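# Summary of structural features
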Amino acid sequence: MMKKIAVLTSGGDTPGMNAAVRSAVRTAISMGMTVKGVYRGYNGLIDNNFVDLDLRSVSEVINRAGTFLYTARSPRFREEEGVLEAVENCKKNDIEGVVVIGGDGSFRGARELSMKGIPCVGVPATIDNDITSTEYAIGFDTAMNTAVDMIDRLRDTIRSHDRCSAVEVMGRHAGHLALQVGIATGATAILIPEIELNIDDVISKIKQSQKIGKNHFIIVVAEGVACGVDEIAKIIEEKTGVESRATVLGHVQRGGNPTVRDRVIATRMANEAVYLLSKGIGNRVVAYKGDSIVNYDIFEALNMKKEIDVDVLRVAEEVSI
Ligand code: F6P
């Protein structure tokens with residue numbers, strides 16, 4: 001059994017990261033291990049920036065978004081020198097394993113560290129839900145609900161003005177967030193990077209909807225769509241005569257108290273990560289499959305493919321008018 005592990009959060013923050021840290025700490029302590037928190041992701045490993053975490057230090061964090069360990073994207077850790085310094089610091093602090101909470105980029109780092117003798121287990125967290133090896137990543141549910149809440153508010157105003165709202169949601173290169181949010185907000189069209197943009201389709205949909213008496217329209221656009229919301233709003237206004245506004249929801253989607261789903265899944269995933277480490281098993285990522293927490297070899301996980309759910313797309317298409 002390992003005696004001491006560390007936990008870090010890396011990449012973009014997500015609601016539920018704190019819940020995952022809390023679970024890792026409490027699970028490890030219940031097994032007789034001690035835990036160090038690493039500040040600011042991999043940068044903290046390189047800079048020897050650790051904090052002792054006990055049962056009380058993770059009190060009252062389960063309900064808070066962000067990460068109390070702070071986070072960073074670490075270019076230094078992509079260099080061999082950075083990884084070696086991190087290994088050195090782990091050894092100096094008697095850290096035998098690390099729980100890495102973050103996205104695909106963070107898992108690449110976890111693999112590097114595992115290969116150099118410090119076993120790591122990745123826990124998937126990103127509001128984009130684009131991690132290939134898992135059906136669900138921590139933060140996605142809260143971000144969806146935040147975006148839906150914001151777009152419901154937009155609907156209040158565009159309805160009053162008979163307007164069209166082209167609204168950009170996050171997702172980096174993926175449309176998972178946009179697709180779910182578009183369905184939940186009753187969008188007339190959902191534009192995602194996985195499907196080639198055909199603005200004429202959007203225009204004819206709006207015109208079709210006008211024929212059945214609809215006067216306001218929501219167009220949900222994933223940030224990965226090359227033609228931005230400003231341009232899309234402009235084209236819609238020109239071609240339909242409907243006054244249009246562009247809104248970028250931006251980083252508000254990363255905040256807000258985590259939902260039940262995010263708190264519970266974060267707790268379950270981090271618990272599993274610590275179980276693996278406690279058995280000396282590293283170079284793994286935990287994942288959500290069905291309603292189970294499973295785990296994969298990191299290399300295998302990074303090479304998996306994740307497609308947009310075409311059946312969900314079909315449903316979205318059929319009910320939007
Ligand atoms: O990966 C999460 C995410 O919020 C993406 O949706 C977005 O593209 C990116 O991070 C924004 O990054 P930053 O926080 O560096 O602006």
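Attention here is on the structure that accompanies the text.

Calculation rules
- Per-chain numbering applies: the sequence of each chain, read as written, is numbered from 1 onward.
- Whole-chain, interface and lining totals are the exception, using all residues; otherwise, since this is a predicted model, local features are given only for residues with pLDDT of at least 70 and side-chain atom pairs are given and counted only at 80 or more.
- Values reported for side chains reflect all heavy atoms of the structure, with hydrogen atoms and water molecules removed beforehand.
- A helix here means a DSSP run of H or I that spans at least four residues, while a strand means a run of E at least two residues long, and both kinds are numbered starting from the N terminus.
- We compute the radius of gyration from the C-alpha atoms alone; for a globule the expected value is 2.2 Å times N to the 0.38, where N is the number of residues.
- Classification of residues uses two cut-offs on accessible area relative to the type maximum, computed with a 1.4 Å probe and protein chains only: under 20% is buried, over 50% is exposed, and between them is partly exposed.
- The contact rule is simple, with two residues in contact once any of their heavy atoms fall within 4.5 Å.
- Charged-residue counts in this description rest on Lys and Arg as positive and Asp and Glu as negative, His and the chain ends being excluded.
- A charged residue contributes its charge at one atom only: NZ of Lys, CZ of Arg, CG of Asp or CD of Glu.
- Neighbouring residues are identified by heavy atoms, a residue being near a molecule or strand if any of them is within 4 Å of it.
- Polar contact is the term for a pair of N or O atoms within 3.5 Å; when the atoms are in protein, one must be able to donate a hydrogen and the other to accept it, and sequence-neighboring residues count only if both atoms are side-chain atoms.
- To measure how exposed things are, a 1.4 Å probe is used in the Shrake-Rupley method; for residues, cover is taken only from the protein chains shown.
- Each residue gets one label: Ala, Val, Leu, Ile, Met, Phe, Trp, Tyr, Cys and Pro are nonpolar, Asp, Glu, Lys and Arg are charged, and the others, such as Gly, are polar.
- What marks off one domain from the next here is an automatic or database domain assignment.
- Only centres within 6.5 Å qualify two rings of Phe, Tyr or Trp (six-membered ring in Trp) as a pair; their planes then separate them into stacked at under 30 degrees, edge-to-face at over 60, and tilted for everything else.
- Here, a salt bridge means any Lys or Arg side-chain nitrogen found within 4 Å of an Asp or Glu carboxyl oxygen.
- Being paired, for any two strands, means DSSP has found at least two bridges between them.
- A clockwise course of the path from the first strand over the helix to the second, judged with the strands pointing away from the viewer, identifies a crossover as right-handed.
- Here the expected length of a helix is defined as 1.5 Å per residue gap, with one fewer gap than residues.

### A few points about the overall build of the protein chain
- Along the protein chain, the regular secondary structure elements total eleven helices and eleven strands.
- The C-alpha atoms of the protein chain give 22 Å as radius of gyration, which agrees with the globular expectation for 321 residues (20 Å, within 12%).
- Dimensions of the protein chain, computed from C-alpha atoms along their principal axes, come out at roughly 70 × 35 × 35 Å.
- Scored against the burial criterion, the 321 residues of the protein chain give a buried share of 55%.
- Excluding contacts between residues fewer than 6 apart, the proportion of contacts in the protein chain whose partners are at least 24 apart in sequence is 74%.
- Positive and negative side-chain charges in the protein chain, numbering 38 and 43 respectively, have mean positions lying 4 Å apart.

### Here we look at the site of the ligand
- Around the ligand, a shell composed of Arg73, Thr126, Ile127, Asp128, Met170, Gly171, Arg172, Glu223, His251 and Arg254 is seen.
- Gly171 is positioned with one of its backbone polar atoms (N or O) 3.2 Å from an oxygen atom of the ligand.
- When the ligand is considered free in solution it has 400 Å² of accessible area, and contact with the protein chains removes 74% of it.
- Counted by class, the shell around the ligand contains two nonpolar, three polar and five charged residues.
- When residues of the shell around the ligand are sorted by domain, at least three fall in each of domain 1 (4-139 + 258-302) and domain 2 (141-253).

### Considerations on the packing of aromatic side chains
- Evaluated as defined, the whole model comprises four aromatic pairs.
- Arranged with centres 5.9 Å apart and planes meeting at 55 degrees, the rings of Tyr39 and Tyr70 form a pair that is tilted. Of this pair, Tyr39 sits in the loop between β2 (34-38) and α2 (41-47) while Tyr70 sits in the loop between β3 (50-53) and α3 (80-92), and the two are 31 residues apart along the sequence.
- Its relative accessible area of 23% is what places Tyr39 among the partly exposed residues.
- For Tyr70, a relative accessible area of 43% translates into the label partly exposed.
- Both rings, one in Tyr136 and one in Tyr288, keep their centres 6.1 Å apart while their planes meet at 65 degrees; by these two values the pair is edge-to-face. Here the residue Tyr136 occupies a position in the loop between β5 (120-124) and α5 (140-161), and Tyr288 occupies one in strand β10 (residues 284-289), the gap between them amounting to 152 residues. The exposure classification of Tyr136 matches that of Tyr288, with both residues buried.
- Here a set of aromatic residues connected by ring pairs shows up, and it is made of Tyr136, Phe140 and Tyr288.

### A short note on the side chain of Ser74
- Its place among the elements puts Ser74 in the loop between β3 and α3.
- In terms of polar contacts, Ser74 uses its side chain to reach the side chain of Asn43, at 2.6 Å.
- Every residue in contact with Ser74, bar those within four places of it in the chain, is listed here: Tyr42, Asn43 and Ile46.

### With respect to the pattern of salt bridges
- A complete count under the given rule lists 13 salt bridges for this structure.
- Close ionic contact of Glu80 with Lys116 constitutes a salt bridge, the shortest N to O distance being 3.8 Å. Residue Glu80 is located in helix α3, and its partner Lys116 is located in the loop between α4 (104-115) and β5; the two are separated by 36 residues in the primary sequence.
- Residue classification places Glu80 among the partly exposed residues on the basis of a relative accessible area of 47%.

### Let's talk about the pairing of strand β4 (residues 97-102)
- The buried fraction of β4 amounts to six of the six residues, a majority that puts the element mostly inside the structure.
- By the alternation rule, side chains of β4 split into Gly97, Val99 and Ile101 and Val98, Val100 and Gly102, which are all buried.
- Summarising the sheet, β4 and β5 pair through five bridges and their orientation is parallel. Within β5, the residue paired with Val98 across the bridge is Cys120.
- Handedness of the crossover is the feature at issue here: the chain leaves β4, passes through α4, returns alongside β5, and the resulting connection is right-handed.

### Focus: helix α1 (residues 17-30)
- For α1, with 14 residues, the first-to-last C-alpha span of 20 Å sits near the 20 Å given by 1.5 Å per residue.
- With ten of its 14 residues buried, α1 lies for the most part within the structure.
- For α1, the secondary structure elements touched by its buried residues are β1 (4-9), β2, β3, β4 and α9 (260-278).
- Following α1 by one or two positions, Gly32 has its phi on the positive side, about 95 degrees.

### Considering α9
- With 19 residues, α9 extends 27 Å between its outermost C-alpha atoms, agreeing within 8% with the 27 Å of an ideal straight helix rising 1.5 Å per residue.
- Residues of α9 that are buried: Asp262, Ile265, Ala266, Met269, Ala270, Ala273, Val274, Leu276, Leu277 and Ser278.
- At the exit of α9 stands Gly280, carrying a positive phi of roughly 80 degrees.

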